Amino acid sequence: MAEGGHAGAPPVRLWVRRVGVYCDEHRKTWLVAEEGMLRARIQRVQVPLGEALRPSQLPPSRLPHMWQLSQGEQYRDSNSRVWEIEHHLMVRMLGGVEELLLKLVPGD
């Protein structure tokens, strides 16, 4: 695991902009760095926002169209599933990139 430091508060909302790119409430862009069945690693990386796609224009994905911060260290997604924040930190090895590692809570 890469060394990391405190990253402050996580984003309140993340909306999908296009394949592999999310945007938060401050119009900061987050890229999907790793996607699995039960986990997602996303990193705040500046990329042009470009034209947003409608959910119907996106190919099928295991990741939701939106995450909303709910109680404590959890997000609720657009499919009403709960994702736990495993970590939210600044990854020093990547030049200070803010990173979120989310884990789908089974059975919710």
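For the structure, check the block above.
Residues numbered from 1 in each chain as written. Predicted model: local features only at pLDDT ≥ 70, side-chain atom pairs only at ≥ 80, totals over all residues. Heavy atoms only, no water.

1. Thoughts on the pattern of salt bridges
Counting across every chain of the model gives six salt bridges. For Arg44, the salt bridge goes to Glu98, with nearest N and O atoms at 2.8 Å. A residue pair is termed long-range when its members are at least 10 positions apart, and Arg44 in strand β5 (residues 39–44) and Glu98 in strand β9 (residues 97–104) qualify at 54 residues. Overall, the relative accessible area of 33% leaves Arg44 in the partly exposed class. (Salt bridge = Lys/Arg side-chain N within 4 Å of Asp/Glu carboxyl O. Helix = DSSP H or I, 4+ residues; strand = E, 2+ residues; numbered from the N terminus. Buried < 20%, exposed > 50% of the residue type's maximum accessible area, 1.4 Å probe, protein only.)

2. As for the nonpolar core
Residues Leu14, Tyr22, Trp67, Tyr75, Trp83, Leu100 and Leu102 are the most contacted members of the largest nonpolar core, which totals 15 residues. At the level of secondary structure, the elements contributing two or more residues to this core comprise β2 (13–18), β5, β8 (82–91) and β9. Examining the composition of this core, we find that three residues originate from one element, β9, more than from any other. (Core = buried A, V, L, I, M, F, W, Y, C linked by side-chain atoms within 4.5 Å.)

By themselves these figures say nothing about function.
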